[in-house]
Each structure stands twice: as structure tokens, then as C-alpha cells.
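# Reading the structure
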Amino acid sequence: MKHKTAMTKDLRRFKQSVDDLLNRPTGTEGQGLLWGHPGLGKTTAVAYVCNQYDGIFVRALGCWTVTSMLGDLCRELGGHRMCRRSDMVEYIVGELAKPGCAPRPIFVDEADYCFRKFEMVDALRDIYDLSRCPVIMIGMEDIARQIKTNERVARRITQWVEFEGLDLFDTALVVEECCEVALSDDLLEYVHKETGANIGRVIIGLTRIEKFAKANGLTRITSAEWGGQPLYFDQPTFAGKGKRK
Amino acid sequence: MSSKSKKATKPKINPSHQRAWRSMRILREWSIPAIVCTIEGATVAGISKFVASLERHGLVEKLPGYKKGRAGDHQRYRIYSKVADQPTPPQVCHVCGQLINARVCEPLIKQTETETETETERGAEKRAATARAKFAAMPELTPEQLAQAEAELYPKKERKRDTQTGTEPAPAEYPSEGWHVLPAALKRRLGGLHDAT
């Protein structure tokens, strides 16, 4: 297997939205939202984009306050937590808006916690208003629904990106980019169906197929050659207490 | 050949190491291929080398549950929790005090250095105490003896010969230095002498 990042639709949309936020016109809100089910490659995509744009990554905690959020941002920028919030905001803005430096996006993981207190969202707004660096919030599948109900917060988010998983075209792209053997169309469809659009499972399945093909001296493998072998190692299923004899 | 003075400078952070460190912090539990995928242009060999150096100095730890030979499965790692908050990769090992790319992490290197420093400090203190006892016991002191006492009590502040002119600097007017640490008896005698001059 080749260790590369395939430009799937989800990743392309996410990258485009970060790019749009970085080059947004004056007066436009600079907040984005990324959400999706677990296992669709959100974190890997965030790490990839964060490295590309030299972003700042912080993870929200359930016990976060505005002070702790600003303290974490200060630490990420090479500073220290300070006593006053205004001092920390000044420091963050000063570091982000240094002359000659390109704007750096701020990624906030587990952003569901931030929406519990509007003060945190307001502080983030101050930061992106003053520094022109966008803020991208990352959350679980329910975050978008929660935000939509709150007009005040929803109005500020200008980029909404949902990770939907791999479609058949994306699966073919992953095979082309990462797999060292070619797959027939029927096997490609089988892989896509069996893995349920989960990128992690697709990679494991492709690794197994590639190993099998290389062991048998094949450069192209079909569904008939692969047979009904399992594609990935899933979690074991246990019978319930009542079913045990 | 011109001899250039070598100054100890802070080592620069390798940009690819910085990106790898960032990915490690974002992913929390990761494998080497996972890190490679998040960095454009990174190679497995380069990242493996960096991870090996971090592991050698105890900054990352291997996670259990890895079985060799399973397709698509790789050894997983985690950053040691005490350094996981750092936004930049550590440059110096906290155990051996060497740079992270050092091939051996030997805690004794740091320990030996500390012991040597302590020994030197202890020796200086001992010499000063002996000199104090010797000069406090003497009934009367001449100005030469007083100068000798000063030199023995403060061996670190030796008068250095001027390298350009070759002359010694003028002796400091007594008691300008270290007056507060002299024994009380010696202080009284010196006080009288100082007043007389």
C-alpha cells in the first residue's frame, strides 16, 4: 500500500471551504463547521488541512470556560495563560495578525462543548474579527442540528461541511491512489458495499486484497478470485445473556 | 584559518518534524502511516526515524494490542502525556539533557554533570570556611595578610591579568567586597583599620 491521502469529495469540499474562509471578503463572518459520523476520516482530514495551512488546533473539553479556552489558544501560540481574558485575546490577536504572516485557521475539535456557553462563541468571534483568521468548529453528527435551532449562532457560520463518507467514485479514487494492484469493477463494488463508506475499513480491505494478489502473482484481481473472504477485522459480536446455553 | 567563536544556539525545529508533531497531537493515537498520510511529501522512513528518536527518549509510547502480520494493522503510538501539551516537538531530552536526535538516552550523563558541579561548589565552600577559621584565630593582621585573606575567602574573584597591556588591575580598596560575610572578630579588626586609613 502507498501511504497517501486521496482527494475524496469530502476532503476536497473541506479544503475548499477553509480556503474560502481564508480569502473571505471584508464584513463576512469567518466561522465554519465540519461534522459527520465517526470513522469517516474527519480527524485525518483536519490534520492534513491543519498541516497545509499551518493551522492551530485545540480540543474543547466539557469543563472549558472562556478563560481556559483562551489559555489553550495562548499556549498553542507559544505563550502562557494569563490572568485576564482581555490580555489573552490581545496576545492571540497580536500573534495571529503579525505583519507579513499569512492568516492561520483555528480548528476547534469537540466544538459541541463551546455552544453550551455563548461567551465562548463570542470570544472566538472577537478573535476572527480582529485577526482575520477563520475559526473552524468540528463536531459530531448532531452538532449541525443543534446549531440550526439557534439563529444567533447559525447566522455566523458561513461554511457548512458535512462528511458523508466514500461513494463508489471515491472508493475507486482511493484504490487508484493507494493500492498497488488493480481491482475489477465488481470487486470495487463489493468493497464499497461491504465497508459501508468507512475509509478506515476500505484501507484495511484493500491491504488484504493487495497482499492476496501479490501472493498469487496477480496485477489485477476480480471478485471471483477474491471469493467471499472477509475484508476487515471487525469487533467480535457476542450473544446476549439469555441466548447462552 | 580564522577561528570563529562557537556560541550555543537553540536548535531550529525541522518543519517536517513540526508537522508530524502536530499530526500526532491531533490524532492522539496514531501509527506511522497515518502520520505520513497527513503530511504532503513526507516519507515513511523520515517519520519512522523521528518517531524512533522520540521513543528512545521516552516521549512517545507504544500501545499494546498490535499483532505483526495482520493486513492493514500497524503499531500504534501515543505521545507521553507530560509533553502532549507542547505545541512544538521537544528539542532536548528531559532525562539525559541531550538533543532529541542523540543516539543514546543515557540518564547518567546528566547525573554525572550535576554531581561534578556539586563537588566543585562543595570544595569552594570548604576552602572558604578553612580560610575564615585560620584568619579569625590570628591576633593581629597586617594589610598584606588582609589581602591574602580576601584572596583566600573569594577564590572565584581572582584578579586577572589584562591580556592586552599585560598589567594587573589595581587591587580593590578594602573592604569593598564581601564585607558582610566575614567573621565578626575579623570584621571588628578590619573596621578599626579601615577607619584609621
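Residues numbered from 1 in each chain as written. Chains lettered and ligands numbered in written order. Predicted model: local features only at pLDDT ≥ 70, side-chain atom pairs only at ≥ 80, totals over all residues.

### Section: the overall build of chain B
Here is the rule we go by: Numbering of helices and strands starts at the N terminus; helices are DSSP runs of H or I of at least 4 residues and strands are runs of E of at least 2. Counting other C-beta atoms within 10 Å of each residue's C-beta, where C-beta atoms are placed from the backbone, gives the exposure class: buried for 20 or more, exposed for 12 or fewer, partly exposed between. Note on contacts: each residue gets a C-beta atom placed from the backbone, and two residues are in contact if those atoms are within 7 Å.
Broken down by element type, chain B carries six helices and three strands. Counting from the amino terminus, helix and strand elements in chain B follow one another as α-β-α-α-β-β-α-α-α. The buried share of chain B, taken over its 197 residues, is 19%. Across chain B, the fraction of contacts at a sequence separation of at least 24, relative to all contacts at a separation of at least 6, is 44%.

### Here's the deal with the overall build of chain A
A count of helical and extended segments in chain A gives 11 helices and seven strands. Seen through its C-alpha atoms, chain A measures out along the principal axes to roughly 65 × 55 × 35 Å. Of all 245 residues assigned to chain A, the portion counted as buried reaches 38%.

### As for the nonpolar core
Rules: Among buried residues, those of type Ala, Val, Leu, Ile, Met, Phe, Trp, Tyr and Cys that are joined through C-beta atoms within 7 Å form a set called a nonpolar core.
Ranked by internal contacts, the top residues of the largest apolar core, which has 64 residues, are Phe107(A), Val108(A) and Ile35(B). In this structure Ile35(B) touches Ala20(B), Ser23(B), Met24(B), Trp30(B) and Ile47(B), once residues within four positions along its chain are discounted. Among the nonpolar cores identified, the runner-up in size contains 20 residues, and Val174(A), Val191(A), Ile209(A) and Leu231(A) belong to it.

### Topic: the confidence of the model for chain B
Residues and elements named next belong to chain B. Inclusion rule: On a range of 0 to 100, pLDDT expresses the predictor's confidence in each residue.
Mean pLDDT over chain B works out to 75, with 61% of the residues at or above the 70 mark. Note that pLDDT drops below 50 for residues 1-5; the model gives that stretch zero contacts with residues more than four away or on any other chain. Predicted confidence for residues 173-177 stays below pLDDT 50, and this span has seven contacts to residues more than four positions away or in other chains.

### As for the environment of Glu29(B)
Residues and elements named next belong to chain B. Looking at the element boundaries, Glu29 is found in strand β1 (residues 29-31). Residue Glu29 is classed as exposed on the basis of its 11 C-beta neighbours within 10 Å. Note: C-alpha distance between Glu29 and Glu55 (26 residues apart in sequence) is 14 Å. If near-sequence neighbours (up to four positions away) are discounted, Glu29 is found in contact with Leu63, Arg76 and Arg78.

### Let's talk about the sheet that holds strand β3 (residues 76-79) of chain B
Hydrogen bonds between backbone groups are what pair the strands of a sheet, and the pairing can be parallel or antiparallel. Residue and element names in this part refer to chain B. The criterion, for reference: Two strands make a pair as long as DSSP finds a minimum of two bridges between them. Helix axes are fitted only over the stretch in contact, all axes being lines through C-alpha atoms; the angle between N-to-C directions runs from 0 to 180 degrees.
Ordered in space as β1-β3-β2, the three strands form an open sheet in which the pairing is antiparallel. Unpaired on one side and paired on the other, β1 and β2 (60-62) mark the two borders of the sheet. Each adjacent strand pair in this sheet contributes to an overall mean axis angle of 40°, direction not counted. Note that β2 and β3 share three bridges and pair antiparallel. Considered in β3, the bridge of Val60 is made with Ile79.

### Points about the environment of Val83(B)
Examined against the element boundaries, Val83(B) turns out to sit in the loop between β3 and α4 (107-137). Considering only alpha carbons, one finds Val83(B) and Arg56(B), 27 residues apart in sequence, at a separation of 15 Å.

### A look at the domain arrangement of chain A
All names here are of chain A. How we decide: Marked domain ranges trace back to an automatic or database domain assignment. All residues other than Ala, Val, Leu, Ile, Met, Phe, Trp, Tyr, Cys, Pro, Asp, Glu, Lys and Arg, Gly among them, are scored as polar; the first ten of these are nonpolar and the last four charged.
Split into domains, chain A comes out as domain 1 (9-163) and domain 2 (168-226). Spacing between the C-alpha centres of domain 1 and domain 2 amounts to 36 Å. Contact with domain 1, which involves four residues of that partner, is made by four residues of domain 2. The class makeup of the residues in the side of domain 1 that touches domain 2 is one nonpolar, two polar and one charged.

### Re the sheet that holds strand β5 (residues 157-163) of chain A
Residues and elements named next belong to chain A. In spatial order, the strands read β2-β3-β4-β1-β5; together these five strands make up an open sheet with parallel pairing. Unpaired on one side and paired on the other, β2 (56-59) and β5 mark the two borders of the sheet. Averaged over all pairs of adjacent strands, the angle between strand axes in this sheet comes to 20°, irrespective of strand direction. Sheet topology places strand β1 (residues 31-36) next to strand β4 (residues 135-139); five bridges connect them, and they run parallel. Residue pairing across strands places Gly32 opposite Ile136, the latter belonging to β4.

### Thoughts on helix α5 (residues 118-131) of chain A
Cut-off, in case you're wondering: Take the residue count of a helix, subtract one, and multiply by 1.5 Å to get its expected span.
Its 14 residues place the ends of α5(A) 20 Å apart at the C-alpha level, agreeing with the 20 Å of an ideal helix rising 1.5 Å per residue. One or two positions beyond α5(A), positive phi appears at Arg132(A), with a value near 65°.

### Let's talk about the packing of helix α8 (residues 168-178) of chain A against helix α9 (residues 185-195) of chain A
All names here are of chain A. The condition that has to hold: Angles are sorted into four bins: roughly parallel if under 35 degrees, roughly antiparallel if over 145, roughly perpendicular if 65 to 115, and oblique for all others. Crossing handedness is defined as follows: a turn of the near helix away from the far one that is anticlockwise and smaller than a right angle gives a left-handed crossing, while the clockwise case is right-handed.
Taken N-terminus to C-terminus, the directions of α8 and α9 make an angle of 110°; their axes are 10 Å apart at the nearest point. Here α9 runs roughly perpendicular to α8, going by the angle between their axes. With respect to the hand of their crossing, α8 and α9 are arranged in right-handed fashion. The segment α8 lies against α9, with Leu168, Thr171, Ala172 and Val175 engaging Leu188, Glu189, Val191 and His192. Classifying every residue of the contact of α8 with α9 gives five nonpolar, two polar and one charged.

### Concerning the interface of chain B and chain A
Facing the 18 residues of chain B at the interface are 21 residues of chain A. Of all the secondary structure elements, the ones that give two or more residues to the side of chain B that touches chain A are α1 (15-27) and α2 (32-37) of chain B. Each residue belonging to the side of chain B that touches chain A can be placed in one class, and the counts come to 10 nonpolar, three polar and five charged.

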